[in-house]
Amino acid sequence: MFEKLRHLWKHLPVETVADKVKKFFFYYSINRHKMTVITPSYHAENYSPDDNRYDLRQFLYNARWPRQFASIGKRVEELSKKGKGTKEKKSNL
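Residues numbered from 1 in each chain as written. Predicted model: local features only at pLDDT ≥ 70, side-chain atom pairs only at ≥ 80, totals over all residues. Heavy atoms only, no water.

1. Brief notes about the overall build of the protein
The line we're drawing: For the purposes of this entry, the term helix denotes a DSSP run of H or I that reaches at least four residues, the term strand denotes a run of E that reaches at least two, and both are numbered from the N terminus. A simple rule labels every residue: compare its accessible area, found with a 1.4 Å probe on the protein chains alone, to the largest value its type can have, and call it buried under 20%, exposed over 50%, or partly exposed in between. A contact between two residues is defined here by any heavy atoms of the two lying within 4.5 Å. Per-residue accessibility takes into account occlusion by the displayed protein chains alone, with areas from the Shrake-Rupley method and a 1.4 Å probe.
Within the protein one finds four helices and zero strands. A burial count over the protein gives 18% of its 93 residues as buried. When contacts within the protein are restricted to residue pairs at least 6 apart in sequence, long-range pairs at least 24 apart make up 64% of them. For the protein, the computed accessible surface area is about 8,000 Å², with 56% contributed by carbon and sulfur atoms.

In structure tokens form, the structure reads like this:
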């Protein structure tokens, strides 16, 4: 996701893109379990075409994402050394 967004958001520095990706995954992991809860009104139906019985996705995640965030940090350092990390704005003067 980081690599794709880095190419899509060329107007942002690589560090900013990395921070946004890390924040997204942090908040996704701490809120994922809320997506598995079904409201009482949904349970009141006799027939339900989608009752989450077959949803086998993981719903508890480690919010620190140690390996993934370390990989993103390492990639940011590599790109910063190459000079692709920061972009200077051109002035119209």
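2. With respect to helix 2 (residues 14-31)
Which entries qualify depends on this criterion: In this scheme, a helix's expected span is set at 1.5 Å multiplied by one less than its residue total. Throughout, the arc means the angular range of directions from the helix axis out to the C-beta atoms.
With 18 residues, helix 2 should cover 26 Å at 1.5 Å per step; its first-to-last C-alpha distance of 26 Å lies within 8% of that length. Residues V14, V17, A18, V21 and S29 constitute the buried set of helix 2. Around the axis of helix 2, the buried residues are gathered within 100 degrees of arc, so they sit on the same side. Residues of helix 2 that are buried make contact with helix 1 (2-8) and helix 4 (66-82).

3. Quick notes on the confidence of the model for the protein
To be explicit about the condition: Looking at any residue, its pLDDT shows the predictor's confidence there, from 0 to 100.
Summarising the model, the protein shows a mean pLDDT of 83, and 71% of its residues fall at 70 or more. Considering only residues more than four positions removed or in separate chains, one finds that residues 88-93, a stretch of pLDDT under 50, has zero contacts.

4. With respect to the nonpolar core
Which entries qualify depends on this criterion: Nonpolar cores are built from buried Ala, Val, Leu, Ile, Met, Phe, Trp, Tyr and Cys residues. Side-chain atoms within 4.5 Å join them into one set.
The biggest cluster of nonpolar side chains holds 11 residues, and these are F2, L5, V14, V17, A18, V21, W65, F69, I72, V76 and L79. Taken together, the elements giving at least two residues each to this core come down to helix 1, helix 2 and helix 4. In this structure, I72 is in contact with F2, A18, V21 and K22, ignoring residues within four places of it in sequence.

5. Focus on the pattern of salt bridges
Basically, it comes down to this: Any carboxyl oxygen of Asp or Glu within 4 Å of a side-chain nitrogen of Lys or Arg constitutes a salt bridge here.
Within the structure shown, the criterion is met by three salt bridges. With a shortest N-O distance of 2.8 Å, E3 and R75 are connected by a salt bridge. Of this pair, E3 sits in helix 1 while R75 sits in helix 4, placing them 72 residues apart in sequence. The partly exposed category is assigned to R75, whose relative accessible area is 24%. Its salt-bridge partner being R75, residue E78 comes within 3.2 Å of it at the nearest N-O pair. Residue E78 and its partner R75 are both found in helix 4; the two are separated by three residues, about one turn of the helix. A single network of salt bridges, built from pairs that share partners, joins E3, R6, R75 and E78.

6. What about the packing of helix 2 against helix 4?
How we decide: Where helices are involved, their axes are fitted lines through C-alpha atoms of the stretch in contact, as for all axes, and angles between N-to-C directions lie from 0 to 180°. For classification purposes, angles smaller than 35 degrees are called roughly parallel, those larger than 145 roughly antiparallel, those between 65 and 115 roughly perpendicular, and all remaining angles oblique. Side-chain classes are defined by residue name, with Ala, Val, Leu, Ile, Met, Phe, Trp, Tyr, Cys and Pro counting as nonpolar, Asp, Glu, Lys and Arg as charged, and the others, Gly among them, as polar.
Running from amino to carboxyl end, helix 2 crosses helix 4 at an angle of 175 degrees, the nearest separation of the two axes being 10 Å. Considering their axes alone, helix 2 and helix 4 lie roughly antiparallel with respect to each other. Residue-level inspection shows V14, E15, A18, V21, K22, F25 and F26 of helix 2 in contact with helix 4, the latter providing F69, I72, G73, V76, L79 and S80. Among the residues forming the contact of helix 2 with helix 4, the class breakdown is nine nonpolar, two polar and two charged.

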